[in-house]
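Structural characterization, general
Residue strings, one per chain:
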Amino acid sequence: MFLKLLRIVGAVVAAIVVAMVLLIAVELFSAIVHPFPPDFAGTEAAICEHVARYPQWVLAAIVPMWAATAWVSTWLAGWLGGRGPAMGVAVLLMAAVLCNLSMLPYPLWFKIVQPIAIVIALVYAYSLSTPRSLNATQQAATIEGGIKDSERTD
C-alpha cells in the first residue's frame, strides 16, 4: 500500500516537474521572440500591456507548445502511476491554463483555441496512460477491456 502511494505521489511530482521545465522553455521562447521592453516595470498592468501586444504568430506558435507540454506531463503521470495520477495532473494543468487565460488579456481566438488544444492533448494522453509495470499480456487485455483496475497485479 505504501509503495503504491509513493508511486502515485512520485508520478504526480515527476509530471509537474516536467511540466514546469517545458513551460519555462515556452516562456524562454516567448522572451526571445517578444522580449520585455527596456523600461518594463514588472507590475500587473505592465504584464497585461505586454501580453496584449503579443504578435499573433507568437500566440499561434505557443498553442501547440502548451498542448505538447500538457500531453507529455499527463502521459508521464499515467505511465509512471496510472490513470489516477494522469487525471490529477490533467486537472491541475487545465486549471492553470484557465487561470492564465482569465487573468491576462489574450485575444479571443487564443482564449478559445488554447483550451481546446489542451483538452485534446489531455484526453489523448489520458487514453494512453497505462502504468509501466503492466506486462505485455496485461496491457493488451487492459486495452481490450479484459482486466479491470481491481484485477491488476501492480
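Presented here is a report on the structure given in the accompanying data block. (Residues numbered from 1 in each chain as written. Predicted model: local features only at pLDDT ≥ 70, side-chain atom pairs only at ≥ 80, totals over all residues. Heavy atoms only, no water.)

Here's the deal with the overall build of the protein
On a plain count of helices and strands, the protein comes out with six helices and zero strands. In sequence order, the protein lays out its α and β elements as α-α-α-α-α-α. With 154 residues in all, the protein has 34% of them scored as buried. Here the contacts in the protein between residues at least 6 apart in sequence split such that 72% fall between residues at least 24 apart. Accessible area of the protein: about 9100 Å², with a carbon and sulfur share of 73%. (Helix = DSSP H or I, 4+ residues; strand = E, 2+ residues; numbered from the N terminus. Buried < 20%, exposed > 50% of the residue type's maximum accessible area, 1.4 Å probe, protein only. Contact = heavy atoms within 4.5 Å. Areas by Shrake-Rupley, 256 points an atom, 1.4 Å probe, with all protein chains shown as cover.)

Points about the layout of surface pockets
A water-sized probe, rolled over the atoms, reveals where empty space remains. For the largest pocket, the calculated volume is near 540 Å³. What lines the largest pocket is a set of 25 residues, among which L23, E27, W66, N100 and Y106 lie closest to the centre. A per-element tally of the lining of the largest pocket places helix α1 (residues 2–33) first, with six residues. Among the residues forming the lining of the largest pocket, the class breakdown is 19 nonpolar, five polar and one charged. (1 Å grid on protein atoms, 1.4 Å probe; cavity = no way out; pocket = protein on both sides within 12 Å on 5 of 7 lines; lining within 4 Å. Points joined across faces, edges and corners; volume = space filled by probe spheres on them. Nonpolar A, V, L, I, M, F, W, Y, C, P; charged D, E, K, R; others polar.)

Some remarks on the pattern of salt bridges
According to the stated counting rule, one finds one salt bridge in the structure shown. Close ionic contact of E49 with R53 constitutes a salt bridge, the shortest N to O distance being 3.4 Å. On the basis of relative accessibility, which here comes to 47%, the residue E49 falls in the partly exposed class. With relative accessibility at 46%, the residue R53 sits in the partly exposed group. (Salt bridge = Lys/Arg side-chain N within 4 Å of Asp/Glu carboxyl O.)

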